[in-house]
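Geometric and topological summary
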Amino acid sequence: MPETLVALYIFVLACFIGYYVIWGVTPSLHTPLVALTNAISGIVIVGALLVTGLEEASATAEILGFFAVLLASIHVIGGFLVTNRMLSMFKKKDRK
Amino acid sequence: MELSANSQAIAYLVSAVLFIFALKGLTHPASARRGNYFGMAGMAIAIIATLLGSEVQSYGFIIAGVVAGAVIGSVLAARVEMTAMPQLVAALHSFVGMAAVLVAIGTFINKQAAGLLNPVLMGELSAGIIIGAITFSGSVIAFGKLQGLISGAPVNFKGQHALNALIALVTIGFGVHFAMTGSISSLVIMSILSFILGFTLIIPIGGADMPVIISMLNSYSGWAAAATGFTLQNNLLIIVGAIVGFSGAILSYIMCKAMNRSIINVVFGGFGSESAGESSAAAEAIQKGVKSASIEDAIYWMEDANKVIIIPGYGMAVAQAQHALKEFMELLEARGVEVKFAIHPVAGRMPGHMNVLLAEADIDYDHVLEMDEINPEFPTADVALVVGANDVTNPAARTDPSSPIHGMPILDVDKARNIYVIKRSMNPGYSGVDNLLYYQDNCSLIFGDAKEVCEGLVTSLKGGGH
């Protein structure tokens, strides 16, 4: 099976995982859900790292990659931290 | 140390599983924070495994980018106000969209230099660029609308949908041409058109439909990551992208359902565009006789009530009234009054917006109930206090088949014994529909800023009431 087809298999099956996992999320946590999936979609940072870090990468590719790494890092760090900040507010009330 | 391709693949698998656990954690507030840590761990493993892999050899630009990004990201996350969450999320979506575009172009340059281009790869690159660019410019517009930089009103003109469809077709056409021939000019035109398309797709959508738009862009950012995964043949990106993409899609569906509208209707509808009639509707409303009440009137009914249900809406967020409401809730509870909060799924500007604001004000989440849970309780409530919500309380959705919002699930506020509505003015909600609730005999309006009125309620109650 060609690689692209394998990728397609994985993609479709992952869609099903997404479907079932997300329906389980409680509505009161929908904003943290958006923030968290937002942070997780920062996984494109992996792509950015691969483009930038390639040994033979041209100067143009490296500069494009630098900006991609920069944006994706803001995304990942900002996304996780803000999710954490939000969830900590939900957490406090457990003590009551 | 260099990781072999197989160890890297295993690390990616672990990372994907951690992300699934992260989302699973959001099933309940108690496990949510742990979920977020799973997510962080997954991301850390993915990044480290990538850096240690054989493909990444030069680190200068990477370190600079990550350090600068980490600083900016942490400052953003620490500084942002909870009411500004929708804007922050929109801004972050735009970053991921742009990053996906840059990665796709960078991949093209690298693969071209290595002579590894083929039509399938270039087709995937096109998909990545198109989705990424739409996510970017769409999110920028959403950010502008939320931040008030551009008008939140829907911008409609004749032939809009035909124009969008045309741009979309031409964009795909150039994408196909690029994939077949590798023509750089096609690549450039396709990219520019995609950016324009993101702009023209989001600009017609009104500010109050933002919960759907935020969810949709969330979904797009996932698909952009998945498309990047296809180009790089990276399964982790594909898995994560698909899950995030579906998450956004499901949220969009939930939001649309809560407004009894189809996604097509939201995207192409331009709801509330007949705003020209607003002032006359307001004047008419006053003529029809709406009762206005003072803070003391409301306190009179609430101080000795058995049960008070508070219905927060976007007006509460704008006025930042959540802290005053929390104090008010505690004073009432001290008097033995049962206080609950009723949340409509589309209250606010993003999914779950109200829950976060109430949590910020330190209100126990046990007090905060979703529409289906709280609706049976309205008939037993002595007072329903509506704070800056409008359309989601309009009984016309149930009773008037000719109303534009007919069929939309609403909070059954009209069934409470007494209703007080805190409102700035008589202007109708975003739907432009008159709220029949205000004409009920047991409903009175308290005009004023939500925060000031709530603080007034607190002061009045502290003063011993009556």
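Residues numbered from 1 in each chain as written. Chains lettered and ligands numbered in written order. Predicted model: local features only at pLDDT ≥ 70, side-chain atom pairs only at ≥ 80, totals over all residues. Heavy atoms only, no water.

1. Structural notes on the overall build of chain B
- A count of helical and extended segments in chain B gives 18 helices and six strands.
- In summary, chain B has a C-alpha radius of gyration of 25 Å against a globular reference of 23 Å for 466 residues, a match within 12%.
- Counting every position in chain B, which comprises 466 residues, the buried fraction comes to 57%.
- Taking contacts inside chain B between residues at least 6 apart in sequence as the whole, the part at least 24 apart equals 79%.
- In chain B, which carries 23 positive and 34 negative side-chain charges, the distance between the mean positions of the two groups comes to 4 Å. (Helix = DSSP H or I, 4+ residues; strand = E, 2+ residues; numbered from the N terminus. Rg over C-alpha atoms; globule rule 2.2 N^0.38 Å. Buried < 20%, exposed > 50% of the residue type's maximum accessible area, 1.4 Å probe, protein only. Contact = heavy atoms within 4.5 Å. Lys, Arg positive; Asp, Glu negative; His and termini not counted. Charge placed at Lys NZ, Arg CZ, Asp CG, Glu CD.)

2. Examining the overall build of chain A
- When you go through chain A residue by residue, the secondary structure sums to four helices and zero strands.
- If you list the helices and strands of chain A from N to C, you get α-α-α-α.
- By the compact-globule yardstick of 12 Å for 96 residues, chain A is too spread out, its C-alpha radius of gyration being 18 Å.
- Taking the principal axes of the C-alpha coordinates as reference, chain A spans close to 60 × 35 × 15 Å.
- Long-range pairs, those at least 24 residues apart, make up 68% of the contacts in chain A between residues at least 6 apart in sequence.
- On chain A, roughly 3600 Å² of surface is accessible, and the fraction owed to carbon and sulfur atoms is 69%.
- The centroid of the 6 positive side-chain charges in chain A is displaced by 38 Å from the centroid of its 5 negative side-chain charges. (Areas by Shrake-Rupley, 256 points an atom, 1.4 Å probe, with all protein chains shown as cover.)

3. Quick notes on the environment of Leu358(B)
Residue and element names in this part refer to chain B.
- Residue placement: Leu358 occurs in helix H15 (residues 353-360).
- A relative accessible area of 0% places Leu358 in the buried class.
- Taking the C-alpha atoms as reference points, Leu358 and Ile131, 227 residues apart in sequence, are found 35 Å from one another.

4. Regarding helix H5 (residues 119-147) of chain B
- The end-to-end C-alpha distance of H5(B) is 41 Å, a good match for the 42 Å that 29 residues give at a rise of 1.5 Å each.
- Two to three positions downstream of the cap, the backbone nitrogen of Val120(B) sits 3.0 Å from a side-chain oxygen, assigning the N-cap of H5(B) to Asn118(B). (Expected span 1.5 Å × (residues − 1). Polar contact = N/O pair within 3.5 Å; in protein donor to acceptor, adjacent residues only side chain to side chain.)

5. Regarding the sheet that holds strand E1 (residues 307-312) of chain B
Residues and elements named next belong to chain B.
- An order of E3-E2-E1-E4-E5-E6 is seen for the six strands of this open sheet, with the pairing classed as parallel. The open sheet has two free edges, formed respectively by strand E3 (368-370) and strand E6 (443-447), since each of these has just one partner strand. The mean inter-strand angle of the sheet, taken between neighbouring strand axes irrespective of direction, is 25 degrees.
- Helix H12 (residues 295-302) rests against E1, strand E4 (383-387), strand E5 (418-423) and E6 of the sheet, and its axis sits at about 145 degrees to E5. (Pairing = 2+ DSSP bridges. Axes fitted to C-alpha atoms, helices over the stretch in contact; angles between N-to-C directions.)

6. Topic: the interface of chain A and chain B
- Taken residue by residue, the interface counts 83 residues in chain A and 102 residues in chain B.
- With both sides pooled, the region where chain A packs onto chain B buries about 8300 Å², and carbon together with sulfur makes up 77% of that total.
- The tally of links from chain A across to chain B stands at zero salt bridges.
- Taken together, chain A and chain B are joined by 14 residue pairs in polar contact (both at pLDDT 80 or more).
- Taken together, the elements giving at least two residues each to the side of chain A that touches chain B come down to helix H1 (3-23), helix H2 (30-40), helix H3 (44-53) and helix H4 (59-92) of chain A.
- With 32 residues, the single largest contributor to the side of chain A that touches chain B is H4(A).
- The class makeup of the residues in the side of chain A that touches chain B is 51 nonpolar, 23 polar and nine charged. (Buried area = accessible area lost by both parts, 1.4 Å probe. Salt bridge = Lys/Arg side-chain N within 4 Å of Asp/Glu carboxyl O. Nonpolar A, V, L, I, M, F, W, Y, C, P; charged D, E, K, R; others polar.)

7. Overview of H3(A)
- Most of H3(A) sits inside the fold, with ten of its ten residues counted as buried.
- Those residues of H3(A) that sit buried are Val44(A), Ile45(A), Val46(A), Gly47(A), Ala48(A), Leu49(A), Leu50(A), Val51(A), Thr52(A) and Gly53(A).

8. Quick word on the packing of H2(A) against helix H4 (residues 85-113) of chain B
- Remark: H2(A) packs on H4(B), axes separated minimally by 10 Å, with the N-to-C direction vectors making an angle of 20 degrees. Taken together, the axes of H2(A) and H4(B) lie roughly parallel to each other. Read as a crossing pair, H2(A) and H4(B) show a hand that is left-handed. Across the interface between the two elements, Val34(A), Ala35(A) and Asn38(A) of H2(A) pack against Met85(B), Val89(B), Leu92(B) and His93(B) of H4(B).
- Here the contact of H2(A) with H4(B) is built from residues that sort into five nonpolar, two polar and no charged. (Parallel < 35°, antiparallel > 145°, perpendicular 65-115°, else oblique. Left-handed = near helix turned anticlockwise from the far one by under 90°.)

9. Quick word on a nonpolar patch on the surface
- A surface patch of nonpolar side chains, about 1100 Å² in accessible area, is lined by Met1(A), Leu5(A), Val6(A), Leu8(A), Tyr9(A), Val12(A), Phe16(A), Tyr19(A), Tyr20(A), Trp23(A) and Tyr253(B).
- On the secondary structure map, Met1(A) appears in the segment before H1.
- For Met1(A), a relative accessible area of 62% translates into the label exposed. (Patch = residues over 30% accessible without salt bridge, like charges linked within 9 Å, V, L, I, M, F, W, Y side chains within 5 Å.)

10. Concerning the pattern of salt bridges
All names here are of chain B.
- Tallying each qualifying case throughout the model produces eleven salt bridges over all chains.
- A salt bridge links Arg335 to Asp304, with the nearest nitrogen and oxygen atoms 3.9 Å apart. Placement of Arg335 in the loop between helix H14 (322-334) and strand E2 (338-343) and of Asp304 in the loop between H12 and E1 is noted, with a sequence separation of 31 residues between them.
- Judged by relative accessible area, Arg335 falls into the partly exposed class, the value being 37%.
- Since its relative accessible area comes to 62%, Asp304 is described here as exposed.
- Residues Glu327 and Lys462 are paired through a salt bridge, measuring 2.9 Å at the closest nitrogen-oxygen approach. Of this pair, Glu327 sits in helix H14 while Lys462 sits in helix H18 (residues 450-462), placing them 135 residues apart in sequence.
- Look at Glu327 and you get partly exposed, because its relative accessible area is 34%.

11. Quick notes on the confidence of the model for chain B
- Counting all residues, the mean pLDDT for chain B is 85, and 92% of those residues have values of 70 or more.
- Among the prediction metrics, the complex's ipTM stands at 0.91, with pTM recorded as 0.83. (pLDDT = per-residue confidence, 0-100.)

12. A short note on the nonpolar core
- In this structure, Ile43(A) and Met85(B) are the most contacted members of the largest nonpolar core, which totals 152 residues.
- Element by element, the count of residues in this core is highest for H4(A), at 15 residues.
- Apart from residues no more than four positions distant in its own chain, Ile43(A) is found in contact with Phe19(B), Met43(B), Ala46(B), Ala225(B), Leu236(B), Leu237(B) and Val240(B).
- Core analysis: the next-biggest nonpolar cluster, separate from the first, contains 33 residues, Val392(B), Ile410(B), Leu437(B) and Tyr438(B) among them. (Core = buried A, V, L, I, M, F, W, Y, C linked by side-chain atoms within 4.5 Å.)

13. Some words on the pairing of E2(B)
Residues and elements named next belong to chain B.
- A large share of E2 lies buried, amounting to five of its six residues.
- Relative to E3, E2 runs parallel, the two sharing three bridges. Paired with Ala342 across the bridge in E3 is Leu369.
- Running through H15, the crossover from E2 to the neighbouring parallel element E3 is right-handed. (Right-handed = clockwise from strand over helix to strand, strands pointing away.)

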